[in-house]
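# Overview (structure and organization)
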Number of protein chains: 2
Amino acid sequence: MSEGIQFAARTTVEQVEEGNELAPKFDQDGLIPVVTTDYTSGELLMHAYMNEEALKKTIELGEAVYWSRSRQVLWHKGATSGLVQKVKALLIDDDQDTIWLRVDVMGGGASCHVGYRSCFYRRVPVGEETKEKGLSLEFTETEKVFDPKDVYGDAPNPTKL
Amino acid sequence: MSEGIQFAARTTVEQVEEGNELAPKFDQDGLIPVVTTDYTSGELLMHAYMNEEALKKTIELGEAVYWSRSRQVLWHKGATSGLVQKVKALLIDDDQDTIWLRVDVMGGGASCHVGYRSCFYRRVPVGEETKEKGLSLEFTETEKVFDPKDVYGDAPNPTKL
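Residues numbered from 1 in each chain as written. Chains lettered and ligands numbered in written order. Predicted model: local features only at pLDDT ≥ 70, side-chain atom pairs only at ≥ 80, totals over all residues. Heavy atoms only, no water.

An unreviewed UniProt entry lists chain A under the name Histidine biosynthesis bifunctional protein HisIE, from Gimesia algae.

The next subject is the overall build of chain A. The secondary structure content of chain A amounts to four helices and eight strands. When the backbone C-alpha atoms are referred to their principal axes, chain A occupies close to 50 × 40 × 30 Å. Counting every position in chain A, which comprises 161 residues, the buried fraction comes to 54%. Nonlocal contacts in chain A, meaning residues at least 24 apart in sequence, comprise 45% of its contacts between residues at least 6 apart. For chain A, the accessible area works out to roughly 7,400 Å², and carbon and sulfur atoms hold 48% of it. With 18 positive and 27 negative side-chain charges, chain A shows a separation of 6 Å between the mean positions of the two kinds. (Helix = DSSP H or I, 4+ residues; strand = E, 2+ residues; numbered from the N terminus. Buried < 20%, exposed > 50% of the residue type's maximum accessible area, 1.4 Å probe, protein only. Contact = heavy atoms within 4.5 Å. Areas by Shrake-Rupley, 256 points an atom, 1.4 Å probe, with all protein chains shown as cover. Lys, Arg positive; Asp, Glu negative; His and termini not counted. Charge placed at Lys NZ, Arg CZ, Asp CG, Glu CD.)

Right, let's get into the relation of the copies chain B and chain A. Superposition record for chain B on chain A: RMSD 0.0 Å, screw rotation 180 degrees, translation along axis 0.0 Å. The two molecules are tied by a two-fold rotation axis, judged by turn and shift. For chain B, the residue whose C-alpha comes nearest the rotation axis is B:G42, separated from it by 2.5 Å. A share of 100% of the interface residues of chain B reappears at the interface of chain A, consistent with the copies meeting face to face through the same patch. (Least-squares fit on C-alpha atoms with pLDDT ≥ 70 in both.)

A few words now on the nonpolar core. In this structure, A:I59, A:L90, A:L101, B:I59, B:L90 and B:L101 are the most contacted members of the largest nonpolar core, which totals 80 residues. When neighbours within four sequence positions are excluded, B:L90 is seen to be in contact with A:R122, A:R123, A:V124, A:V126, B:L55, B:T58, B:I59, B:I99, B:W100 and B:L101. (Core = buried A, V, L, I, M, F, W, Y, C linked by side-chain atoms within 4.5 Å.)

Residues and elements named next belong to chain B. The backbone of Q72 sits at a positive phi, close to 55 degrees, despite the residue not being glycine. Mapped onto the secondary structure, Q72 falls in the loop between β3 (65–68) and β4 (73–76). Its identity as a non-glycine residue notwithstanding, Q96 has a phi of 55 degrees, on the positive side. Tracing the backbone shows Q96 in the loop between β5 (85–92) and β6 (99–105).

Our focus in this paragraph is the confidence of the model for chain A. Looking at chain A, pLDDT values average 88 and 96% of them are 70 or higher. Within chain A, the element-level pLDDT minimum falls on helix α4 (residues 148–152) of chain A, averaging 77, and the maximum on strand β3 (residues 65–68) of chain A, averaging 96. (pLDDT = per-residue confidence, 0-100.)

Counting residues at the interface gives 65 residues for chain B and 65 residues for chain A. When chain B packs against chain A, the two sides together hide about 5,300 Å² of surface, and 60% of this comes from carbon and sulfur. Ranking the residues of chain B by area buried against chain A places B:F120, B:R122 and B:L161 at the top, with a combined share of 13%. Applying the counting criterion to the chain B and chain A interface returns two salt bridges. A:E18 is the partner of B:K144 in a salt bridge, and the nearest nitrogen-oxygen pair spans 2.7 Å. Where chain B touches chain A, the interface holds 33 residue pairs in polar contact (both at pLDDT 80 or more). (Buried area = accessible area lost by both parts, 1.4 Å probe. Salt bridge = Lys/Arg side-chain N within 4 Å of Asp/Glu carboxyl O. Polar contact = N/O pair within 3.5 Å; in protein donor to acceptor, adjacent residues only side chain to side chain.)

Next up, the structure:
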């Protein structure tokens, strides 16, 4: 699978920063971090990881495929929930060690296993505000888009303490 | 320093996901990934890391302070370049292991050491497009906002092969 896609070797800083060859850098665990935002709203939906195979599959399919660190499997997002992420743009950063996916989410538009639209549904006060309010988190989404029990049933919760 | 700010201990999944206590999870290196977007445009500016002290300082100052993995120092963004990132919103995700900073960039508005506005200035073709065009990266920014030589002089380039 994905035998058609080959990444370039990293040879010089100029090639990596200013060239047009895709030469991604995977970390010591073979992973590259991925930032996924909603194409229309710009909202941050997820922060996840890909390995080499996941990145190749994402490019091939035009749909987000991650590497699940908790389950240690390739994770075609939406395979369980139906909330497939169609890739509208895939960007790579200056030193090619981070991916930015801009996606349209199919189905109800939720991306978070807790049931919210975004995984980032709580705000931390900063600066002067902290002095007044303390560190108490403020919810920016108040209603869930789906009930996780209906979608995931008894599957184990991915959150680790 | 930052002695006023204390994070909560992580006790239950419900507390972490649905509570209003800030109980961030740092990885085995003591770091938490941070996604930084432009408050106005929603554009992804950076993907970086904070340690506990950097997160506390960011909350205290209301300005982005990261941990530089390449230099192994606290990194008050903009201290060299003047391009300070004012935090308009700091959000944390469901399992509290990722930070989303929404910032206004002071000065010229650039965030990338190569001189572009965003670090993500190249697009990778996906799906059908790849079959037509191959994997050649396409520049989404064509003009640099600043000349890195003027700003950083002879400081070593942070990009590692």
